[in-house]
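# Chains, contacts and geometry: an overview
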Amino acid sequence: MEPDYSAQDVARCDLCKSAIAQSYCDFCHVNLCQPCIGVHISDEYDKHKIVPILQRKSTLIYPKCETHQNKTCEYQCKDCNIPICSDCIVAKQHNKEHEFIKLEEVFNAKKKHIRRVTEDLEKQFLPAYEDITNDLEMQIASLDGEYKKLSTEMSRQREEIYREVDNAFNQMEKEISEIKVNHKSILQKHLDEIKELQSSMLQTLNALNEVEESNEVSATIKYSCKTEEFSKLPPKVNVSMPKFIPNQIKREEFCSLIGKLGPLSTTLEERVYTEKKPNTSVRELLDEPELLNTIETGHSFLRSVTCLNDEQIWTSGGTADIKCFNIQSVPQKTIQTKSGEMPRDIAVDRDGALLYNDRITKTVYKIKNGQTGEIITLQRWTPINLCVTFSGDLLVTMYRADRTQSKVLRYSGSTVKQTIQFDDKGQPLYSGNSSIKYISENRNLDICVADYGAGAVVVVNQAAKLRFRYTGHSSPTKNKRFQPRGITTDSQGRILTADRNNHCIHILDTDGKFLRYIDNCGLSYPCGVCVDSNDSMFVCEFITGRVKKIRYSK
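Note that the coordinates shown come from a computational prediction; the quantities given were computed from them, not determined experimentally.

### Focus: the overall build of the protein chain
Within the protein chain, the regular secondary structure consists of seven helices and 30 strands. A compact globule built from 554 residues should have a C-alpha radius of gyration of about 24 Å, whereas the protein chain, at 45 Å, is more than 25% larger. Taken along the three principal axes of its C-alpha coordinates, the protein chain extends 180 × 80 × 40 Å. Taking all 554 residues of the protein chain together, 36% fall into the buried category. When the accessible area of the protein chain is evaluated, it comes to approximately 35100 Å², of which 50% is carbon and sulfur surface. Separation between the mean location of the 75 positive side-chain charges and that of the 76 negative ones in the protein chain comes to 3 Å.

Here it is in structure tokens:
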């Protein structure tokens, strides 16, 4: 393709149908290549107007005058708002008190207005509508997770009510047991009193029998018989059984005790367009990236690095140790994974807590204040790589046990908010045969995955719509297959991904256009990457176990 006509690469000559058209007849409205110009004007028609193709349609086509058939209207009546020709003006057939203006001026003013409207639509309103569309698509995509969260809250209330009901019945059972003991005590006390009287009565009977059989006069006369206390029977003790009186359960009142489900409310809020201000803190790429520091981590098979802050980084490799270093290469802390297995990836959340995933337990763990907790545990899927988003969500790449499918899940806490797996045509976005899929979120909320198995960087927007695939940049010095490993983004929305096979870093813009390599810092098998708030880049070297800090922008 000729460079001067790159914008016209589909414009072919209308006469020969094959050659690229460099010219245009602005009267006949046909594309012409250089050889065909002579053929076109050979009919001696004097109104042909040949112009460069980039200036096509520059000759104005005026309307025909309805009064003077052979004349064109080059003026417009400002009062009547109709086109008129010069003969109409000279012949005074139009109201002579009306004002006239050249149609070319009206045409140019209208074109200027159209260009302004077009520019407003393209640069202001269309992006605003795209943002609105993306926001709505994101809301729809997150509905399942939000409603699941609502159901979870209700389930917690159900469990709480069950627990309180059990506690209430247990308390009543305890009260019944206490009443039973008291009831038994009352009856037992009365029984003991009766038995004591019975014993006294038997003693009296024995005494009476002895006196009756005695023949001693004095003893018999002196015996006093006290039977009055037995003549009055003891009172009968009536202890009534307690009764359970169930309350009538009214459905409405019971539901009010459980809680209330608010209605679905819809309001329309007026949107006010605010023009996006350009980013004034532009960091331009350096002509030659600079190696600032090298950190010896001691890891074998160094896989991942993530910034705790601008002064410290976490690193992980082929062992259970996750090590923290400051930027002066001094070790700060070492943490071992819970299972004793190596972590597949690490990340730091907005609170500074360390996250890591375990391929064996299929679990993502969180370490904060020395305590390790489980965030997510999968069943048929295995977590691969992690990324904490600007909103605090967690993005996790994962593959199925049979290694036929891969996907990305967005979590809020332990709740799934979004699943990213297929494009609009139902085709898989990611390869299923690879367990290497580093992930990062860009400043424009695009989700960027370095798909090692596919040999591509796959970028979708926040609504999971495919934006582009980057499959490498041809270079005579980078002749091995592009299979990206680590991936990160910087403050300018640039995407940086590690090309382990070619020992370099690819830098792309937000639309996937290749900008340059970082290949002058002696990188050897680069793997995990991250950037700090100053856009300094940290690169893991898989074999050497070194982390290299590189400045690539200013």
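### Details of a positive patch on the surface
A surface patch of positive charge is lined by Arg56, Lys57, Lys111, Lys112, Arg115 and Arg116. By the element assignment, Arg56 lies in the loop between β3 (50-52) and β4 (75-77).

### A closer look at the sheet that holds strand β23 (residues 466-470)
The sheet built from four strands is open, its strands ordered β20-β21-β22-β23 with antiparallel pairing. A single partner strand is all that each edge strand has here, and the edge strands are β20 (437-441) and β23. Averaged over all pairs of adjacent strands, the angle between their axes in this sheet comes to 15 degrees, without regard to strand direction. Across five bridges, β20 lies against strand β21 (residues 447-451) in antiparallel orientation. Looking across to β21, one finds that Ser440 is bridged to Cys448.

### Quick notes on the pairing of strand β25 (residues 495-499)
For β25, the buried fraction is high: five of the five residues fall into the buried class. In the sheet, strand β24 (residues 484-489) pairs with β25 via four bridges, with the strands oriented antiparallel. Bridge pairing in β25 links Ile487 to Thr497. Two strands pair when backbone bridges link them, and β25 and strand β26 (residues 504-508) are joined in this way by five bridges, in the antiparallel orientation. Bridge pairing links Ile495 to Leu508 in β26. Taken together, β25 and the strand that follows it, β26, pair antiparallel across an intervening segment of four residues, in which His503 is found at a positive phi of about 55 degrees.

### A closer look at the environment of Arg271
Secondary-structure assignment places Arg271 in the loop between α7 (251-258) and β7 (285-296). On the accessibility criterion, Arg271 (55% relative accessible area) is exposed. Along the chain, Arg271 and Ile132 lie 139 residues apart, while their C-alpha atoms are 9.9 Å from each other.

### Regarding helix α4 (residues 143-213)
Side chains of residues three or four places apart in an α-helix project in the same direction, reflecting 3.6 residues per turn. Here α4 spans 104 Å end to end across 71 residues, near enough to the 105 Å set by a 1.5 Å rise per residue. Within α4, the full set of buried residues consists of Gly145, Ile161, His183, His190 and Thr204. Looking at the buried side of α4, the elements it contacts are α6 (228-231), α7 and β19 (415-420).

### Quick notes on the state of the cysteines
Applying the stated rule across the entire model yields zero disulfides. No disulfide involves Cys448; its nearest neighbouring cysteine sulfur is the one of Cys387, lying 8.8 Å away.

### Some details on the sheet that holds strand β1 (residues 23-25)
Read from one edge to the other, the open sheet built from three strands follows the order β2-β1-β3, with strand pairing classed as antiparallel. Whereas interior strands pair on both sides, the edge strands pair on one side only; in this sheet they are β2 (30-32) and β3. Pairwise comparison of adjacent strand axes, ignoring direction, gives a mean angle of 35 degrees for this sheet. Inspection of the sheet shows β1 paired to β3 by three bridges, in the antiparallel sense. Bridge assignment links Ser23 to a residue of β3, and that residue is Pro52.

### What about the side chain of Lys323?
If you trace the backbone, Lys323 turns up in strand β10 (residues 321-326). Among buried charged residues, Lys323 stands out as having no salt bridge; its nearest opposite-charge side chain is Asp321, 5.2 Å away. There is a polar contact of 3.0 Å between the side chain of Lys323 and the backbone oxygen of Thr297. Not counting chain neighbours up to four residues away, the residues in contact with Lys323 comprise Thr297, Gly298, His299, Ile313, Trp314, Thr315, Lys333 and Thr334.

### Re the packing of aromatic side chains
Enumeration according to the criterion identifies four aromatic pairs in this entry. Considering the side-chain rings of Phe301 and Phe542, the 5.4 Å spacing of their centres and the 40 degrees angle between planes classify their relative orientation as tilted. Separated by 241 residues along the polypeptide, Phe301 in the loop between β7 and β8 (304-307) and Phe542 in the loop between β29 (536-541) and β30 (546-553) bring together distant segments of the chain. Residue placement shows Lys407 over the ring face of Trp381; its charged tip is 4.1 Å from the ring centre. Cation over ring: Arg485 sits above Tyr452, and NZ or CZ is 5.1 Å from the ring centre.

### As for the pairing of β10
β10 sits mainly inside the fold: five of its six residues count as buried. Direction of pairing for strand β9 (residues 312-316) relative to β10: antiparallel, over a ladder of five bridges. Note on β10: the bridge partner recorded for Thr315 is Lys323. Hairpin connection, β9 to β10: the antiparallel pair is bridged by four residues.

### Thoughts on the nonpolar core
Among the nonpolar cores identified, the biggest contains 29 residues, and Val305, Ile313, Tyr470, Ile487, Ile495, Phe538 and Val547 are the most heavily contacted of them. Residue assignment for this core shows that the elements contributing at least two residues are β8, β21, β22 (456-460), β23, β26, β27 (514-518), β28 (526-531) and β29. Setting aside residues no more than four positions away along its own chain, Val547 makes contact with Asn293, Thr294, Ile295, Thr297, Leu302, Val305, Ile313, Thr315, Phe538, Val539 and Cys540.

### What about the pattern of salt bridges?
The tally for this structure, following the rule as stated, stands at 18 salt bridges. Between Lys417 and Asp393 there is a salt bridge; the shortest N-O distance is 3.1 Å. Here Lys417, found in strand β19, pairs with Asp393, found in the loop between β16 (381-388) and β17 (394-400); they are 24 residues apart in sequence, far enough to count as distant. Assessed through its relative accessible area of 19%, Lys417 is described here as buried.

Cut-offs and rules
Residues numbered from 1 in each chain as written. Predicted model: local features only at pLDDT ≥ 70, side-chain atom pairs only at ≥ 80, totals over all residues. Heavy atoms only, no water. Helix = DSSP H or I, 4+ residues; strand = E, 2+ residues; numbered from the N terminus. Rg over C-alpha atoms; globule rule 2.2 N^0.38 Å. Buried < 20%, exposed > 50% of the residue type's maximum accessible area, 1.4 Å probe, protein only. Areas by Shrake-Rupley, 256 points an atom, 1.4 Å probe, with all protein chains shown as cover. Lys, Arg positive; Asp, Glu negative; His and termini not counted. Charge placed at Lys NZ, Arg CZ, Asp CG, Glu CD. Patch = residues over 30% accessible without salt bridge, like charges linked within 9 Å, V, L, I, M, F, W, Y side chains within 5 Å. Salt bridge = Lys/Arg side-chain N within 4 Å of Asp/Glu carboxyl O. Pairing = 2+ DSSP bridges. Axes fitted to C-alpha atoms, helices over the stretch in contact; angles between N-to-C directions. Expected span 1.5 Å × (residues − 1). Contact = heavy atoms within 4.5 Å. Disulfide = S-S within 2.5 Å. Polar contact = N/O pair within 3.5 Å; in protein donor to acceptor, adjacent residues only side chain to side chain. Phe/Tyr/Trp six-rings, centres within 6.5 Å; stacked < 30°, edge-to-face > 60°. Lys NZ or Arg CZ within 6 Å of the ring centre and 35° of its normal. Core = buried A, V, L, I, M, F, W, Y, C linked by side-chain atoms within 4.5 Å.

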